[in-house]
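Here are the chains, one letter per residue:
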Amino acid sequence: TRTPVNVTVTGAAGQIGYALLFRIASGQLLGPDTPVKLRLLEIPQGLKAAEGTAMELDDCAFPLLRGIDISDDPNVGFDGANVALLVGARPRTAGMERGDLLEANGGIFGPQGKAINDHAADDIKVLVVGNPANTNALIAQKHAPDVPAERFTAMTRLDHNRALSQLSKRTGVPVSEIRKLTIWGNHSATQYPDIFHAEVAGKNAAETVNDEKWLAEEFIPTVAKRGAAIIAARGASSAASAANAAIDHVHTWVNGTPEGDWTSAGVVSDGSYGVPEGLISSFPVTAVDGRFEVVQGLEINDFSRSRIDASVNELVEERDAVGQLGLI
Ligand code: NAX
């Protein structure tokens, strides 16, 4: 029997946590042959609810689930972690400026990055879901100098999946026949969903749609503002779809992308496509042998260039702001 993989989930008592943990425990994160041990990390106020979720996980009698530990201490929560899903974050509340938000999250992701540095397993893979995800991932990464920077990633897979679905609706082609779509930049309203290299049923997506007005005025804003639309409709932010995207992200990272396709993930920039080195920005990526690699050599037209630049500029501003606050 295989050694269990330790999976740490922060914000375990939150709504994404509730949608995520059962899927991890059932084997959907790492596959049907990999037993898992769950580590639930919460703040003290969240511990009781996390215990309730752990009771329910027990009650599922998942054959692959080999244990559940609950803690409010990052040094314990990340001990021996092979995969860490950083979901818990400080949300923006009324009257909070961006600086306040970044500072509050720096207080979470700095210490968590340090705890990962000091206690996680050598093969640790980190996915940051909690917003502002890209910059939170950057903060955590900067506090983990002994961990290869590439192990810190931010989630734009939900945006990617939203874009697939919108393009499918427009073209009438099922998502299973859409490839090579890209989310560029920040997981925020400035993100750029790019269909110029995408294929629908083997044909170029932008040429198939052939409608720049739809692209600029419907597709891009619909994908970028989908989170707000979900809140308006559901009275709560995306949870099951966010958990699903987190599962997809890690599953792809571990198992690879299919031949002839790629996905989107926030990864540390190597300077590709003019994105400043070191920023955690969304790119078209393949996953090979447990590593994400930025897809190289794509031609970027003017329409795309200005939108990528706008989103990357926002990431630069966030990085500069957390730098000035002494958070990185
Ligand atoms: P909830 O408020 O339901 O849950 C958050 C949980 O995190 C709470 O139980 C809280 O006690 C816990 N928490 C707070 N600080 C913590 C810390 N320092 N250590 C451990 N746990 C801590 O939020 P939920 O709806 O689950 O969303 C979680 C995060 O995901 C939010 O930041 C949200 O903005 C972000 N999202 C990111 C998405 C993405 O695509 N990257 C999409 C969905 C979601 O909006």
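All figures in this text were calculated on a predicted structure; none of them were measured in a lab.

Analysis parameters
- Residues numbered from 1 in each chain as written.
- Predicted model: local features only at pLDDT ≥ 70, side-chain atom pairs only at ≥ 80, totals over all residues.
- Heavy atoms only, no water.
- Pairing = 2+ DSSP bridges.
- Helix = DSSP H or I, 4+ residues; strand = E, 2+ residues; numbered from the N terminus.
- Near = heavy atom within 4 Å.
- Polar contact = N/O pair within 3.5 Å; in protein donor to acceptor, adjacent residues only side chain to side chain.
- Areas by Shrake-Rupley, 256 points an atom, 1.4 Å probe, with all protein chains shown as cover.
- 1 Å grid on protein atoms, 1.4 Å probe; cavity = no way out; pocket = protein on both sides within 12 Å on 5 of 7 lines; lining within 4 Å.
- Sits in = over half its atoms within 2 Å of the grid points.
- Nonpolar A, V, L, I, M, F, W, Y, C, P; charged D, E, K, R; others polar.
- Domains from an automatic or database assignment.
- Buried < 20%, exposed > 50% of the residue type's maximum accessible area, 1.4 Å probe, protein only.
- Right-handed = clockwise from strand over helix to strand, strands pointing away.
- Contact = heavy atoms within 4.5 Å.

Q: How should I be thinking about the sheet that holds strand S7 (residues 178–179) in this particular structure?
A: One key point about sheets: their strands pair by backbone hydrogen bonds, in either a parallel or an antiparallel sense. One open sheet holds the three strands; their spatial order is S7-S10-S11, and the pairing between them is antiparallel. Across the chains shown, the open sheet's two edge strands, defined by having one partner strand only, are S7 and strand S11 (203–204). Relative to S11, strand S10 (residues 199–200) runs antiparallel, the two sharing two bridges. When the bridges of S11 are listed, Val200 appears paired with Lys203.

Q: Would you mind going over the site of the ligand with me for this structure?
A: Lining the immediate environment of the ligand, one finds 22 residues, of which Gln15, Ile16, Glu42, Val129 and Asn131 sit closest. One nitrogen or oxygen atom from the main chain of Gly14 is found 3.3 Å from an oxygen atom belonging to the ligand. Relative to its unbound accessible surface of 870 Å², the ligand loses 79% to contact with the protein. Judged by the fraction of its atoms near the pocket grid, the ligand is located in the largest pocket. When residues of the shell around the ligand are traced back to their parent elements, those giving at least two are helix H1 (15–25) and helix H4 (98–119). Class assignment for the residues of the shell around the ligand results in 11 nonpolar, 10 polar and one charged. Two domains each put at least three residues into the shell around the ligand: domain 1 (5–154) and domain 2 (157–317).

Q: Any chance you could explain the pairing of strand S5 (residues 125–128) here in plain terms?
A: Side-chain alternation along S5 places Lys125 and Leu127 on one buried face and Val126 and Val128 on a second face that is also buried. Note that strand S4 (residues 83–86) and S5 share four bridges and pair parallel. Bridged to Leu86 within S5 is Val128. In this fold, the crossover linking S4 to S5 by way of H4 has right-handed handedness. The pairing of S5 with strand S6 (residues 152–154) spans three bridges and is classified as parallel. In the sheet register, Val128 faces S6, and the bridge partner there is Ala154. Handedness of the crossover joining S5 and S6 through helix H5 (residues 133–142): right-handed.

Q: When you look at the side chain of Asn186 in this model, what are you seeing that I'm missing?
A: Counting through the fold element by element, Asn186 comes out in the loop between strand S8 (182–184) and strand S9 (192–194). Side chain to side chain, Asn186 and Glu318 meet in a polar contact 3.1 Å long. Residues within four places of Asn186 in sequence aside, it is in contact with Asn134, Gln191, Ser311, Glu314, Leu315 and Glu318.

Q: For this particular structure, what's the right way to read unusual backbone geometry?
A: Residue Asn131 is joined to Pro132 through a cis peptide bond whose omega torsion reads -10°. Tracing the sequence through the fold places Pro132 in the loop between S5 and H5. The residue Ala61 is not glycine, and still its phi comes out positive at about 50°. In this fold, Ala61 is placed in the loop between helix H2 (47–60) and strand S3 (65–71). A relative accessible area of 59% places Ala61 in the exposed class. Its identity as a non-glycine residue notwithstanding, Asn210 has a phi of 50°, on the positive side.

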